[in-house]
Amino acid sequence: MCIRDSFYPFAPFVGGRAPADVSFQGEPVPEGAMVLIDLFGQNHDEELWGDPFVFRPERFLQRPVERDELVPQGGGDPATGHRCPGEAVTIALLEALTLRLARLDHEVPDQDMRISLHRVPARPRSGLRITVTGR
């Protein structure tokens, strides 16, 4: 299994309508225009993440991640925008359990880890099976 094949967003992109006339990087976006956020591209941006296909969780210890740099759960403010309202709880649980989960002895059996970015959810073809072998 190649690690780069095992982490992709639930949806490769999200869409919405521009709430007002705006411009993005000098391009006009008229009110009501369909706008797509490339979640896969944003979360794998070489300039932001350096080696984005390498599993390096310590990269998040180097500096705080800005609100719109990493977009794992949609975009915007969870209180007012299109972002998962359970994100804060999920992050808190992961922070509490990360070391414990990382220390579990486990095996990843052979499986089809290819991911199609043409379907939602964008998940491994065979799902993801992990067998805990010890404590």
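These numbers come from a predicted model, not from an experiment.

1. Here's the deal with the overall build of the protein chain
Summing up its helical and strand segments, the protein chain has 3 helices and 8 strands in all. Counted from the first residue to the last, the protein chain has its helices and strands arranged as β-β-β-β-α-α-β-β-α-β-β. Looking at the protein chain as a whole, 19% of its 135 residues qualify as buried. Once local pairs closer than 6 in sequence are excluded, the contacts in the protein chain between residues at least 24 apart make up 39%. Total accessible area on the protein chain stands at roughly 10300 Å², and carbon and sulfur atoms take up 58% of it.

2. What about the confidence of the model for the protein chain?
Residues of the protein chain with pLDDT of at least 70 account for 84%, and the chain-wide mean is 79. The least confident element of the protein chain is strand β5 (residues 74–75), whose mean pLDDT is 60; the most confident is strand β3 (residues 27–29), at 94. Ignoring residues within four places in sequence, the model shows residues 1–6, a span with pLDDT below 50, making 10 contacts including any to other chains.

3. A few points about the environment of Asp68
Turning to its location among the elements, Asp68 is positioned in the loop between α2 (46–49) and β5. Along the primary structure Asp68 and Gln42 are separated by 26 residues, whereas in three dimensions their C-alpha atoms are 9.0 Å apart.

4. A few points about unusual backbone geometry
Notably, Gln25 is not glycine yet its phi reads approximately 50 degrees, a positive angle. Of note, Gln25 is situated in the loop between β2 (22–24) and β3. The exposure class assigned to Gln25 is exposed, which follows from its relative accessible area of 72%. Positive phi, normally seen in glycine, also occurs at Asp51, with a value near 50 degrees. Take Asp51: it is sitting in the loop between α2 and β5.

5. Some words on the packing of aromatic side chains
Under the definition given, this model contains 2 aromatic pairs. The interplanar angle of 50 degrees and the centroid separation of 6.3 Å between the aromatic rings of Phe40 and Phe53 together place this pair among those described as tilted. Of this pair, Phe40 sits in helix α1 (residues 39–43) while Phe53 sits in the loop between α2 and β5, and the two are 13 residues apart along the sequence. With a centroid separation of 5.7 Å and an interplanar angle of 55 degrees, the aromatic rings of Trp49 and Phe60 are classed as tilted. Taken together, the positions of Trp49 in helix α2 and Phe60 in the loop between α2 and β5 put the pair 11 residues apart, joining distant regions of the chain. Using a relative accessible area of 8% as the deciding quantity, one classes Trp49 as buried.

6. Overview of the pattern of salt bridges
Side-chain pairing between opposite charges can occur once the charged atoms of the two side chains come close. Counting across every chain of the model gives 2 salt bridges. The partner of Glu69 in a salt bridge is Arg63, and the shortest N-O contact between them spans 2.9 Å. Residue Glu69 is classed as buried on the basis of its relative accessible area of 13%. For the salt bridge of Arg114 with Asp112, the shortest nitrogen-to-oxygen distance reads 2.9 Å. Asp112 gets classed as partly exposed once you look at its relative accessible area, which sits at 24%.

7. Quick look at the side chain of Gln111
In this structure, Gln111 sits in the loop between β7 (106–107) and β8 (131–132). Gln111 gets classed as buried once you look at its relative accessible area, which sits at 17%. A polar contact is formed between the side chain of Gln111 and the backbone oxygen of Pro109, at a distance of 2.8 Å.

Rules behind the numbers
Residues numbered from 1 in each chain as written. Predicted model: local features only at pLDDT ≥ 70, side-chain atom pairs only at ≥ 80, totals over all residues. Heavy atoms only, no water. Helix = DSSP H or I, 4+ residues; strand = E, 2+ residues; numbered from the N terminus. Buried < 20%, exposed > 50% of the residue type's maximum accessible area, 1.4 Å probe, protein only. Contact = heavy atoms within 4.5 Å. Areas by Shrake-Rupley, 256 points an atom, 1.4 Å probe, with all protein chains shown as cover. pLDDT = per-residue confidence, 0-100. Phe/Tyr/Trp six-rings, centres within 6.5 Å; stacked < 30°, edge-to-face > 60°. Salt bridge = Lys/Arg side-chain N within 4 Å of Asp/Glu carboxyl O. Polar contact = N/O pair within 3.5 Å; in protein donor to acceptor, adjacent residues only side chain to side chain.

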